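Read off the chains here:
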Amino acid sequence: MRPKTMARTLVSLTAAVAIAAGGLASAGTAFAAPAQQAPAAVSAEVGALATVNLGLSRAQARDVQRALKARWGYTGSIDGLLGTNSWKAMQRFLKKHYSYGDSIDGIVGPNTVKALQRYLKRFYGYTGRIDGVAGSGTQAAFKRAADVCPGGCLLT
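Treat the numbers as computed from the prediction; the structure is a model and nothing was measured.

Colleague: What's the story with the overall build of the protein in this structure? I'm lost.
Modeller: Looking only at helices and strands, the protein features 6 helices and 0 strands. Per-residue burial for the protein yields a buried fraction of 30% across its 156 residues. Of the roughly 9500 Å² that the protein leaves accessible, carbon and sulfur atoms contribute 61%.

Colleague: Honestly, the packing of helix 3 (residues 58–71) against helix 4 (residues 84–97) in this entry has me stumped. Any pointers?
Modeller: Packed helices, taken two at a time, are described by the angle between their axes plus the distance between the axes. Running from N to C, helix 3 and helix 4 point in directions that differ by 60°, and their axes come no closer than 10 Å. Between helix 3 and helix 4, the angle is such that the two are oblique. The two elements helix 3 and helix 4 cross, and the hand of that crossing is left-handed. Within the contact between the two elements, helix 3 uses Val-64, Gln-65 and Leu-68 and helix 4 uses Ser-86, Ala-89 and Met-90. Its residues placed into classes, the contact of helix 3 with helix 4 shows 4 nonpolar, 2 polar and no charged.

Colleague: Sorry, what's going on with unusual backbone geometry here?
Modeller: Trans peptide bonds make up most of the peptide bonds, and negative phi angles are found at most residues other than glycine. If you check the backbone angles, Leu-54 has positive phi at about 45° while not being a glycine. Within the element layout of this structure, Leu-54 appears in the loop between helix 2 (43–50) and helix 3. By relative accessible area, which is 11% here, Leu-54 ends up buried. A positive phi angle is found at Ser-99, which is not glycine, with a value near 60°.

Colleague: So what exactly am I meant to see when it comes to the packing of aromatic side chains here?
Modeller: Within a pair of aromatic rings, the relevant descriptors are the distance that separates the centres and the angle that separates the planes. The final tally for this structure, using the stated rule, is 8 aromatic pairs. Relative to Tyr-98, the ring of Phe-93 lies with its centre 5.7 Å away and its plane at 50°, an arrangement referred to as tilted. The same class applies to Phe-93 as to Tyr-98, namely buried. Between Tyr-119 and Tyr-124, the aromatic rings sit 5.6 Å apart at their centres with planes inclined by 65°, giving edge-to-face as the arrangement. Of the two residues examined, Tyr-119 and Tyr-124, each falls in the buried class.

Colleague: Looking at this model, I keep getting lost on the side chain of Gln-91. Mind explaining?
Modeller: The residue Gln-91 is located in helix 4 in this model. At 3.0 Å, the side chain of Gln-91 and the backbone oxygen of Ile-107 are in polar contact. Setting aside anything within four residues of it in sequence, one finds Gln-91 in contact with Tyr-100, Ser-103, Ile-104, Asp-105, Gly-106, Ile-107 and Thr-112.

Colleague: Would you explain the side chain of Asp-63 in this entry?
Modeller: By the element assignment, Asp-63 lies in helix 3. Side-chain polar atoms of Asp-63 contact the side chain of Arg-66, separated by 2.7 Å.

Colleague: Sorry, what's going on with the nonpolar core here?
Modeller: For soluble globular proteins, nonpolar side chains are generally found buried alongside one another. With 26 residues, the main nonpolar core has Leu-94, Leu-120 and Phe-142 as its most contacted residues. Taken together, the elements giving at least two residues each to this core come down to helix 3, helix 4, helix 5 (110–123) and helix 6 (136–148). Among the elements that line this core, the one with the most residues is helix 4, at 5 residues. Those residues in contact with Leu-94 that lie beyond four places of it in its chain are Ser-99, Tyr-100, Thr-112, Ala-115, Leu-116 and Tyr-119.

Colleague: What am I meant to see in the packing of helix 5 against helix 6 here?
Modeller: Axis separation between helix 5 and helix 6 bottoms out at 10 Å; the angle between their running directions is 55°. The angle between helix 5 and helix 6 falls in the class oblique. Regarding helix 5 and helix 6, the two cross each other, and that crossing is left-handed. In contact with Val-113, Leu-116, Gln-117 and Leu-120 of helix 5, helix 6 contributes Thr-138, Ala-141, Phe-142 and Ala-145. Here the residues of the contact of helix 5 with helix 6 are counted per class, giving 6 nonpolar, 2 polar and no charged.

Rules of the game
Residues numbered from 1 in each chain as written. Predicted model: local features only at pLDDT ≥ 70, side-chain atom pairs only at ≥ 80, totals over all residues. Heavy atoms only, no water. Helix = DSSP H or I, 4+ residues; strand = E, 2+ residues; numbered from the N terminus. Buried < 20%, exposed > 50% of the residue type's maximum accessible area, 1.4 Å probe, protein only. Areas by Shrake-Rupley, 256 points an atom, 1.4 Å probe, with all protein chains shown as cover. Axes fitted to C-alpha atoms, helices over the stretch in contact; angles between N-to-C directions. Parallel < 35°, antiparallel > 145°, perpendicular 65-115°, else oblique. Left-handed = near helix turned anticlockwise from the far one by under 90°. Contact = heavy atoms within 4.5 Å. Nonpolar A, V, L, I, M, F, W, Y, C, P; charged D, E, K, R; others polar. Phe/Tyr/Trp six-rings, centres within 6.5 Å; stacked < 30°, edge-to-face > 60°. Polar contact = N/O pair within 3.5 Å; in protein donor to acceptor, adjacent residues only side chain to side chain. Core = buried A, V, L, I, M, F, W, Y, C linked by side-chain atoms within 4.5 Å.

Right, here's the structure in full:
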């Protein structure tokens, strides 16, 4: 063999071996078990965000929904689960009468709770601070509000 041909053959052989070795190295990772994905940690949080009864039983929440349906544009089912649409209707009520100044988004944030506390303080014996925290005093007054008017006479 001539020297140039020998050199070309050696270079070609070296390149072929390198390509084969690289292919085998990546093949090992291609056939490896797929990485396990961490389970999404949203199911419990979504449930908590989707339904916020603030201590009401389902029967009490149904009474609230009846009042919201009768007067504040609630269009959902009377299922006893105060979800986004229930709270949007509640926010419309609170905006008109109890200085709720945030958007009508159905999220039970501190501003929604503050307006609710103002309502509960005026009519249902809430004695705590208007602090936007739906603690035991807020929840007890909300229960009283639901119990006073079974069938949906509150929120007028």
